[in-house]
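# Observations on chain architecture
Letter by letter, the chains look like this.
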Amino acid sequence: MNNIAELTSVNKIEEILGASAESLLNHQCKTVSKDQLQQPCPDFIDRVFKDTNRNNKVLRNLQSIYSHGRLGGTGYMSILPVDQGIEHSAGASFAPNPIYFDPENLVKLAIEGGCNAVASTFGVLASTSRKYAHKIPFIVKLNHNEFLTYPNKFDQIMFGSVEEAWNMGAAAVGATIYFGSAESARQIVEVSEAFEQAHELGMATILWCYLRNSGFKKDGVDYHAAADLTGQANHLGVTIQADIIKQKLPSNNGGYTALNFGKTHAKVYSELSSDHPIDLCRYQVINCYMGKVGLINSGGESKGATDLAEAVSTAVINKRAGGQGLISGRKAFQKPMKDGVGLLNAIQDVYLSKEITLA
(Lines give C-alpha, C1' and ligand atoms only; values in the text may rest on other atoms or scores of the structure.)
Protein backbone atom coordinates (compact mmCIF):
# COMPACT_ATOMS: atom_id res chain seq x y z
CA MET A 1 0.00 0.00 0.00
CA ASN A 2 1.34 3.44 -0.93
CA ASN A 3 -0.89 5.55 1.32
CA ILE A 4 -3.97 5.60 3.52
CA ALA A 5 -6.19 6.87 0.69
CA GLU A 6 -5.31 3.85 -1.43
CA LEU A 7 -5.90 1.50 1.47
CA THR A 8 -9.32 3.04 2.05
CA SER A 9 -10.10 2.72 -1.67
CA VAL A 10 -9.19 -0.97 -1.77
CA ASN A 11 -11.14 -1.67 1.40
CA LYS A 12 -14.14 0.10 -0.10
CA ILE A 13 -13.88 -1.98 -3.27
CA GLU A 14 -13.69 -5.17 -1.20
CA GLU A 15 -16.75 -4.07 0.74
CA ILE A 16 -18.70 -3.37 -2.45
CA LEU A 17 -17.74 -6.74 -3.94
CA GLY A 18 -18.88 -8.57 -0.83
CA ALA A 19 -18.82 -12.35 -1.09
CA SER A 20 -17.17 -12.27 -4.52
CA ALA A 21 -14.18 -10.19 -3.36
CA GLU A 22 -11.92 -13.15 -2.57
CA SER A 23 -12.58 -14.88 -5.91
CA LEU A 24 -12.14 -11.75 -8.02
CA LEU A 25 -9.29 -10.00 -6.26
CA ASN A 26 -7.08 -13.03 -5.58
CA HIS A 27 -7.64 -15.11 -8.70
CA GLN A 28 -4.49 -16.30 -10.47
CA CYS A 29 -4.90 -16.76 -14.20
CA LYS A 30 -3.40 -20.05 -15.40
CA THR A 31 -4.59 -19.84 -18.99
CA VAL A 32 -2.80 -17.14 -21.01
CA SER A 33 -0.10 -15.44 -18.94
CA LYS A 34 -0.32 -11.68 -18.42
CA ASP A 35 3.27 -11.53 -19.69
CA GLN A 36 1.97 -12.43 -23.16
CA LEU A 37 -0.38 -9.43 -23.21
CA GLN A 38 0.22 -5.86 -24.20
CA GLN A 39 -0.71 -4.46 -20.82
CA PRO A 40 -2.42 -1.08 -20.41
CA CYS A 41 0.14 1.62 -19.64
CA PRO A 42 0.52 5.42 -19.73
CA ASP A 43 2.47 5.29 -23.03
CA PHE A 44 0.13 2.80 -24.72
CA ILE A 45 -0.17 4.87 -27.91
CA ASP A 46 3.63 5.07 -28.26
CA ARG A 47 4.08 1.37 -27.55
CA VAL A 48 1.36 0.08 -29.87
CA PHE A 49 -0.17 2.55 -32.32
CA LYS A 50 2.82 4.61 -33.45
CA ASP A 51 4.00 1.73 -35.66
CA THR A 52 0.59 1.10 -37.23
CA ASN A 53 -0.94 2.63 -40.35
CA ARG A 54 -2.93 5.16 -38.27
CA ASN A 55 -1.99 8.70 -39.25
CA ASN A 56 -0.82 11.44 -36.91
CA LYS A 57 -4.31 12.91 -36.50
CA VAL A 58 -5.69 9.53 -35.39
CA LEU A 59 -2.86 9.18 -32.89
CA ARG A 60 -3.58 12.65 -31.54
CA ASN A 61 -7.29 11.91 -31.10
CA LEU A 62 -6.64 8.52 -29.54
CA GLN A 63 -4.20 10.15 -27.15
CA SER A 64 -6.80 12.79 -26.28
CA ILE A 65 -9.19 10.04 -25.20
CA TYR A 66 -6.55 8.17 -23.19
CA SER A 67 -5.41 11.44 -21.58
CA HIS A 68 -8.75 12.85 -20.42
CA GLY A 69 -10.64 12.58 -17.15
CA ARG A 70 -9.77 10.88 -13.86
CA LEU A 71 -8.12 7.96 -15.68
CA GLY A 72 -6.13 10.21 -18.01
CA GLY A 73 -2.55 9.02 -18.42
CA THR A 74 -3.15 5.55 -16.93
CA GLY A 75 -3.84 3.54 -20.09
CA TYR A 76 -7.40 2.90 -18.91
CA MET A 77 -10.73 4.40 -19.99
CA SER A 78 -14.11 5.23 -18.49
CA ILE A 79 -16.60 6.22 -21.19
CA LEU A 80 -20.21 7.35 -20.81
CA PRO A 81 -22.34 5.91 -23.67
CA VAL A 82 -25.80 7.32 -24.33
CA ASP A 83 -27.37 5.89 -27.46
CA GLN A 84 -30.21 4.15 -25.61
CA GLY A 85 -32.70 6.87 -26.57
CA ILE A 86 -32.72 5.27 -30.01
CA GLU A 87 -31.81 1.69 -29.11
CA HIS A 88 -34.38 1.33 -26.30
CA SER A 89 -36.62 4.45 -26.73
CA ALA A 90 -36.18 7.78 -25.02
CA GLY A 91 -39.01 7.03 -22.62
CA ALA A 92 -37.55 3.74 -21.45
CA SER A 93 -34.13 5.32 -21.09
CA PHE A 94 -34.81 8.73 -19.56
CA ALA A 95 -38.11 8.42 -17.69
CA PRO A 96 -36.25 7.28 -14.53
CA ASN A 97 -34.46 10.67 -14.56
CA PRO A 98 -36.11 13.13 -16.98
CA ILE A 99 -33.32 15.74 -16.77
CA TYR A 100 -31.46 13.58 -19.28
CA PHE A 101 -34.00 14.29 -22.01
CA ASP A 102 -31.83 17.44 -22.23
CA PRO A 103 -28.62 16.38 -24.04
CA GLU A 104 -26.51 18.96 -22.21
CA ASN A 105 -27.04 17.14 -18.93
CA LEU A 106 -25.65 13.95 -20.45
CA VAL A 107 -22.45 15.72 -21.44
CA LYS A 108 -22.30 17.37 -18.00
CA LEU A 109 -22.59 13.93 -16.38
CA ALA A 110 -19.62 12.68 -18.40
CA ILE A 111 -17.55 15.73 -17.46
CA GLU A 112 -18.49 15.80 -13.78
CA GLY A 113 -18.08 12.03 -13.64
CA GLY A 114 -14.46 12.31 -14.78
CA CYS A 115 -14.94 10.25 -17.95
CA ASN A 116 -12.38 9.96 -20.73
CA ALA A 117 -15.06 10.60 -23.36
CA VAL A 118 -18.79 10.73 -24.03
CA ALA A 119 -20.30 8.51 -26.75
CA SER A 120 -23.70 9.43 -28.09
CA THR A 121 -25.89 10.11 -31.09
CA PHE A 122 -25.52 12.69 -33.84
CA GLY A 123 -28.36 14.69 -32.30
CA VAL A 124 -27.08 14.72 -28.73
CA LEU A 125 -23.52 15.69 -29.63
CA ALA A 126 -24.45 18.11 -32.43
CA SER A 127 -26.71 20.03 -30.05
CA THR A 128 -23.86 20.54 -27.59
CA SER A 129 -20.77 20.54 -29.82
CA ARG A 130 -19.87 24.25 -29.82
CA LYS A 131 -20.02 24.37 -26.02
CA TYR A 132 -18.38 21.06 -25.14
CA ALA A 133 -16.42 19.45 -28.03
CA HIS A 134 -13.23 21.10 -26.76
CA LYS A 135 -13.92 20.16 -23.14
CA ILE A 136 -14.34 16.37 -23.44
CA PRO A 137 -13.66 14.03 -26.40
CA PHE A 138 -16.79 13.29 -28.44
CA ILE A 139 -17.46 9.80 -29.83
CA VAL A 140 -20.27 9.92 -32.40
CA LYS A 141 -22.26 6.71 -32.79
CA LEU A 142 -22.83 6.29 -36.53
CA ASN A 143 -25.47 3.56 -36.60
CA HIS A 144 -28.34 2.35 -34.44
CA ASN A 145 -31.08 -0.24 -34.11
CA GLU A 146 -34.32 1.71 -33.74
CA PHE A 147 -37.37 0.12 -32.12
CA LEU A 148 -40.20 2.26 -33.52
CA THR A 149 -40.64 0.05 -36.59
CA TYR A 150 -43.52 -2.38 -35.96
CA PRO A 151 -43.06 -5.24 -35.65
CA ASN A 152 -39.60 -4.63 -34.18
CA LYS A 153 -36.63 -5.59 -36.30
CA PHE A 154 -33.00 -5.98 -35.37
CA ASP A 155 -30.73 -4.13 -37.74
CA GLN A 156 -28.07 -1.43 -37.44
CA ILE A 157 -28.64 1.38 -39.91
CA MET A 158 -26.57 4.51 -40.53
CA PHE A 159 -27.98 7.71 -39.02
CA GLY A 160 -25.43 10.12 -40.46
CA SER A 161 -22.12 10.49 -42.21
CA VAL A 162 -18.53 10.30 -41.07
CA GLU A 163 -17.99 13.85 -42.38
CA GLU A 164 -20.81 15.10 -40.17
CA ALA A 165 -19.09 13.62 -37.11
CA TRP A 166 -15.78 15.18 -38.17
CA ASN A 167 -17.40 18.60 -38.69
CA MET A 168 -18.72 18.67 -35.14
CA GLY A 169 -15.20 18.06 -33.79
CA ALA A 170 -15.50 14.39 -32.84
CA ALA A 171 -12.35 12.63 -31.65
CA ALA A 172 -13.77 9.26 -32.67
CA VAL A 173 -16.70 7.49 -34.26
CA GLY A 174 -18.40 4.36 -33.01
CA ALA A 175 -20.56 1.75 -34.67
CA THR A 176 -22.27 -1.56 -33.92
CA ILE A 177 -22.16 -4.76 -35.94
CA TYR A 178 -24.59 -7.55 -35.11
CA PHE A 179 -22.24 -10.44 -35.83
CA GLY A 180 -24.10 -13.66 -36.58
CA SER A 181 -27.18 -11.89 -37.93
CA ALA A 182 -28.51 -12.11 -41.48
CA GLU A 183 -27.60 -8.43 -41.88
CA SER A 184 -24.03 -8.74 -40.62
CA ALA A 185 -22.39 -9.00 -44.06
CA ARG A 186 -23.85 -5.63 -45.09
CA GLN A 187 -22.98 -4.09 -41.72
CA ILE A 188 -19.38 -5.31 -41.93
CA VAL A 189 -18.98 -3.63 -45.33
CA GLU A 190 -20.69 -0.40 -44.20
CA VAL A 191 -18.74 -0.08 -40.97
CA SER A 192 -15.36 -1.02 -42.42
CA GLU A 193 -15.81 1.63 -45.13
CA ALA A 194 -16.87 4.19 -42.51
CA PHE A 195 -13.88 3.33 -40.31
CA GLU A 196 -11.52 3.73 -43.26
CA GLN A 197 -12.94 7.17 -43.94
CA ALA A 198 -12.80 8.10 -40.24
CA HIS A 199 -9.12 7.17 -40.11
CA GLU A 200 -8.41 9.23 -43.23
CA LEU A 201 -9.99 12.25 -41.51
CA GLY A 202 -8.04 11.61 -38.33
CA MET A 203 -10.71 10.16 -36.06
CA ALA A 204 -10.33 7.04 -33.95
CA THR A 205 -12.78 4.14 -34.25
CA ILE A 206 -14.69 2.11 -31.65
CA LEU A 207 -16.70 -1.00 -32.52
CA TRP A 208 -19.59 -2.40 -30.51
CA CYS A 209 -18.96 -6.10 -31.30
CA TYR A 210 -22.35 -7.58 -30.46
CA LEU A 211 -23.89 -10.90 -31.42
CA ARG A 212 -27.47 -11.18 -32.64
CA ASN A 213 -29.19 -14.37 -33.74
CA SER A 214 -32.10 -16.22 -32.16
CA GLY A 215 -30.20 -19.43 -32.94
CA PHE A 216 -27.60 -18.47 -30.32
CA LYS A 217 -30.09 -19.61 -27.68
CA LYS A 218 -30.32 -23.36 -27.18
CA ASP A 219 -31.87 -25.59 -24.52
CA GLY A 220 -32.66 -22.58 -22.38
CA VAL A 221 -29.08 -21.25 -22.45
CA ASP A 222 -28.24 -17.90 -24.07
CA TYR A 223 -24.84 -17.90 -25.79
CA HIS A 224 -24.93 -14.28 -26.99
CA ALA A 225 -22.28 -13.48 -24.38
CA ALA A 226 -20.31 -16.74 -24.62
CA ALA A 227 -16.56 -16.16 -24.39
CA ASP A 228 -15.75 -18.16 -27.53
CA LEU A 229 -18.34 -16.41 -29.70
CA THR A 230 -17.71 -12.90 -28.37
CA GLY A 231 -13.98 -13.54 -28.65
CA GLN A 232 -14.40 -14.26 -32.35
CA ALA A 233 -16.57 -11.15 -32.74
CA ASN A 234 -13.70 -9.17 -31.20
CA HIS A 235 -11.27 -10.76 -33.65
CA LEU A 236 -13.47 -9.69 -36.55
CA GLY A 237 -13.65 -6.20 -35.05
CA VAL A 238 -9.91 -5.71 -34.87
CA THR A 239 -9.66 -7.08 -38.40
CA ILE A 240 -11.64 -4.11 -39.74
CA GLN A 241 -9.22 -1.87 -37.79
CA ALA A 242 -11.29 -0.80 -34.81
CA ASP A 243 -8.99 1.06 -32.41
CA ILE A 244 -11.07 0.09 -29.37
CA ILE A 245 -13.42 -2.87 -28.97
CA LYS A 246 -16.61 -2.68 -26.89
CA GLN A 247 -17.97 -6.04 -25.80
CA LYS A 248 -20.37 -7.47 -23.26
CA LEU A 249 -18.75 -9.22 -20.32
CA PRO A 250 -18.80 -12.98 -21.02
CA SER A 251 -21.43 -14.87 -19.05
CA ASN A 252 -20.60 -18.42 -20.18
CA ASN A 253 -18.58 -20.35 -22.78
CA GLY A 254 -18.95 -23.15 -25.29
CA GLY A 255 -21.20 -21.44 -27.80
CA TYR A 256 -19.49 -23.09 -30.76
CA THR A 257 -19.78 -26.58 -29.28
CA ALA A 258 -23.32 -26.22 -27.94
CA LEU A 259 -24.64 -24.83 -31.20
CA ASN A 260 -22.48 -27.18 -33.29
CA PHE A 261 -21.48 -24.64 -35.92
CA GLY A 262 -18.38 -22.83 -37.10
CA LYS A 263 -14.89 -23.93 -36.10
CA THR A 264 -13.14 -24.00 -32.76
CA HIS A 265 -10.48 -26.02 -30.93
CA ALA A 266 -10.53 -28.09 -27.76
CA LYS A 267 -7.68 -26.01 -26.31
CA VAL A 268 -9.92 -22.93 -26.36
CA TYR A 269 -11.79 -24.53 -23.47
CA SER A 270 -9.09 -26.64 -21.79
CA GLU A 271 -6.10 -24.28 -21.90
CA LEU A 272 -7.10 -20.80 -23.08
CA SER A 273 -10.07 -20.29 -20.75
CA SER A 274 -11.80 -21.66 -17.68
CA ASP A 275 -15.12 -21.11 -15.93
CA HIS A 276 -13.75 -18.18 -13.94
CA PRO A 277 -15.09 -14.80 -15.17
CA ILE A 278 -11.60 -13.27 -15.34
CA ASP A 279 -10.35 -16.14 -17.52
CA LEU A 280 -13.42 -15.84 -19.76
CA CYS A 281 -12.74 -12.12 -20.19
CA ARG A 282 -9.06 -12.79 -20.85
CA TYR A 283 -10.09 -14.91 -23.83
CA GLN A 284 -11.86 -11.82 -25.16
CA VAL A 285 -8.67 -9.79 -24.59
CA ILE A 286 -6.39 -12.22 -26.43
CA ASN A 287 -8.72 -12.02 -29.43
CA CYS A 288 -8.02 -8.27 -29.49
CA TYR A 289 -4.50 -8.98 -30.73
CA MET A 290 -3.30 -9.94 -27.25
CA GLY A 291 -4.42 -6.60 -25.86
CA LYS A 292 -2.90 -4.44 -28.59
CA VAL A 293 -6.43 -3.18 -29.25
CA GLY A 294 -8.11 -2.12 -26.03
CA LEU A 295 -11.10 -4.10 -24.77
CA ILE A 296 -13.74 -2.13 -22.90
CA ASN A 297 -16.69 -4.02 -21.45
CA SER A 298 -20.22 -2.65 -21.29
CA GLY A 299 -21.92 -1.87 -18.01
CA GLY A 300 -25.30 -3.37 -18.84
CA GLU A 301 -28.81 -2.32 -17.80
CA SER A 302 -29.66 -0.58 -14.56
CA LYS A 303 -31.17 -2.87 -11.93
CA GLY A 304 -31.29 -0.36 -9.10
CA ALA A 305 -29.85 -1.46 -5.78
CA THR A 306 -27.28 -3.85 -7.27
CA ASP A 307 -25.87 -1.41 -9.86
CA LEU A 308 -22.83 -0.35 -7.84
CA ALA A 309 -21.75 -3.90 -7.00
CA GLU A 310 -22.26 -5.06 -10.60
CA ALA A 311 -20.35 -2.10 -12.05
CA VAL A 312 -17.39 -2.51 -9.68
CA SER A 313 -17.35 -6.28 -10.24
CA THR A 314 -17.29 -5.79 -14.02
CA ALA A 315 -14.45 -3.29 -13.67
CA VAL A 316 -12.38 -5.68 -11.55
CA ILE A 317 -12.94 -8.54 -14.00
CA ASN A 318 -12.05 -6.36 -17.00
CA LYS A 319 -8.94 -4.88 -15.40
CA ARG A 320 -7.59 -8.14 -14.03
CA ALA A 321 -8.23 -9.85 -17.39
CA GLY A 322 -6.15 -7.25 -19.24
CA GLY A 323 -8.93 -5.01 -20.51
CA GLN A 324 -8.74 -1.24 -20.68
CA GLY A 325 -11.92 -0.05 -19.04
CA LEU A 326 -15.68 0.20 -18.91
CA ILE A 327 -18.30 1.94 -21.01
CA SER A 328 -21.22 2.29 -18.62
CA GLY A 329 -24.36 4.31 -19.35
CA ARG A 330 -27.74 3.32 -17.92
CA LYS A 331 -26.34 2.51 -14.50
CA ALA A 332 -25.13 6.13 -14.35
CA PHE A 333 -27.74 8.27 -16.11
CA GLN A 334 -30.84 6.51 -14.74
CA LYS A 335 -29.97 7.96 -11.33
CA PRO A 336 -29.74 11.48 -9.89
CA MET A 337 -26.61 13.12 -11.28
CA LYS A 338 -24.79 13.02 -7.93
CA ASP A 339 -25.36 9.24 -7.69
CA GLY A 340 -24.38 8.75 -11.33
CA VAL A 341 -21.13 10.61 -10.76
CA GLY A 342 -20.50 8.46 -7.68
CA LEU A 343 -21.00 5.26 -9.67
CA LEU A 344 -18.66 6.40 -12.45
CA ASN A 345 -16.04 7.38 -9.87
CA ALA A 346 -16.35 3.98 -8.17
CA ILE A 347 -15.63 2.28 -11.50
CA GLN A 348 -12.64 4.55 -12.05
CA ASP A 349 -11.33 3.83 -8.54
CA VAL A 350 -10.84 0.20 -9.57
CA TYR A 351 -8.50 1.26 -12.39
CA LEU A 352 -6.73 3.81 -10.20
CA SER A 353 -5.99 1.24 -7.51
CA LYS A 354 -2.42 -0.07 -7.74
CA GLU A 355 -3.42 -3.00 -5.55
CA ILE A 356 -5.76 -4.42 -8.20
CA THR A 357 -3.43 -5.89 -10.79
CA LEU A 358 -3.57 -8.19 -13.81
CA ALA A 359 -4.31 -11.77 -12.86
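Preceding this section is the structure that the text describes.
Residues numbered from 1 in each chain as written. Predicted model: local features only at pLDDT ≥ 70, side-chain atom pairs only at ≥ 80, totals over all residues. Heavy atoms only, no water.

### A look at the packing of helix α11 (residues 227-239) against helix α14 (residues 277-286)
- One way to put it is that α11 packs onto α14 with a least axis distance of 8 Å and a crossing angle of 25°. Relative to α14, the element α11 is oriented roughly parallel. In this structure, the crossing between α11 and α14 has a hand that is right-handed. Contacts between α11 and α14 involve A227, D228, T230, G231 and N234 on the former and, on the latter, L280, Y283 and Q284.
- Its residues placed into classes, the contact of α11 with α14 shows three nonpolar, four polar and one charged. (Axes fitted to C-alpha atoms, helices over the stretch in contact; angles between N-to-C directions. Helix = DSSP H or I, 4+ residues; strand = E, 2+ residues; numbered from the N terminus. Parallel < 35°, antiparallel > 145°, perpendicular 65-115°, else oblique. Left-handed = near helix turned anticlockwise from the far one by under 90°. Contact = heavy atoms within 4.5 Å. Nonpolar A, V, L, I, M, F, W, Y, C, P; charged D, E, K, R; others polar.)

### Focus: the pairing of strand β2 (residues 117-120)
- Side chains A117 and A119 project from β2 onto one buried face, and the interleaved V118 and S120 project onto a second face that is buried too.
- Bridge count for strand β1 (residues 77-82) against β2 is four bridges, and the pairing is parallel. Across the sheet, I79 pairs through a bridge with A117, a residue of β2.
- Bridging between β2 and strand β3 (residues 138-141) involves three bridges; their strand directions are parallel. In the strand pairing of β3, A119 is matched with I139. (Buried < 20%, exposed > 50% of the residue type's maximum accessible area, 1.4 Å probe, protein only. Pairing = 2+ DSSP bridges.)

### A word on unusual backbone geometry
- Cis geometry marks the peptide bond from Y150 to P151, where omega comes out at -5°.
- In this structure, P151 sits in the loop between β4 (143-144) and β5 (157-158).
- Backbone geometry at D219 places phi at a positive 55°, although glycine is not the residue there.
- Its location among the elements puts D219 in the loop between β8 (217-218) and β9 (221-222).

### Points about the environment of A242
- Along the polypeptide, A242 turns up in the loop between α11 and β10 (244-247).
- Along the backbone, A242 and V191 are 51 residues apart, and their C-alpha atoms lie at a distance of 9.7 Å.
- Apart from the residues within four sequence positions on either side, A242 is in contact with R54, F195, T205, L207, G237 and V293.

### Side note on the side chain of N145
- Assignment of secondary structure puts N145 in the loop between β4 and β5.
- Overall, the relative accessible area of 1% leaves N145 in the buried class.
- Looking at N145, its side chain comes within polar contact range of the main-chain nitrogen of D155, at 3.0 Å.
- Excluding its chain neighbours within four sequence positions, the residues that come into contact with N145 are I86, E87, K153, F154, D155, Q156 and Y178. (Polar contact = N/O pair within 3.5 Å; in protein donor to acceptor, adjacent residues only side chain to side chain.)

### Concerning the nonpolar core
- The biggest cluster of nonpolar side chains holds 85 residues, and the ones touching the most others in it are L109, L207, I245 and V316.
- Residue contributions to this core peak at eight residues, all from helix α17 (residues 337-352).
- When near neighbours in sequence (up to four residues on either side) are disregarded, I245 contacts L207, C209, N234, G237, V238, C288, V293, G294, L295 and I296.
- With 25 residues, the next largest nonpolar core counts C41, L59, Y178 and I296 among its residues. (Core = buried A, V, L, I, M, F, W, Y, C linked by side-chain atoms within 4.5 Å.)

### Description of the pairing of β1
- Counting buried positions along β1 yields six of six residues, so the element is predominantly enclosed.
- Side chains of β1 alternate between two faces, with M77, I79 and P81 and S78, L80 and V82 buried alike.
- Both β1 and strand β12 (residues 325-327) contribute to a ladder of three bridges, which runs parallel. Its bridge partner being in β12, M77 is matched across the sheet by G325.

### What about the sheet that holds β12?
- What the eight strands build is a closed barrel, ordered β1-β2-β3-β6-β7-β10-β11-β12; its pairing is parallel. Averaged over all adjacent pairs, the angle separating strand axes in this sheet is 25°, with direction ignored.
- Bridge count between β3 and strand β6 (residues 172-179): three bridges; the pairing is parallel. Among the inter-strand pairings, I139 is bridged to a residue of β6, identified as A172.
- Most of the contacts of α14 go to strand β11 (residues 294-298), to which it runs at about 135°, and overall it touches β10 and β11.

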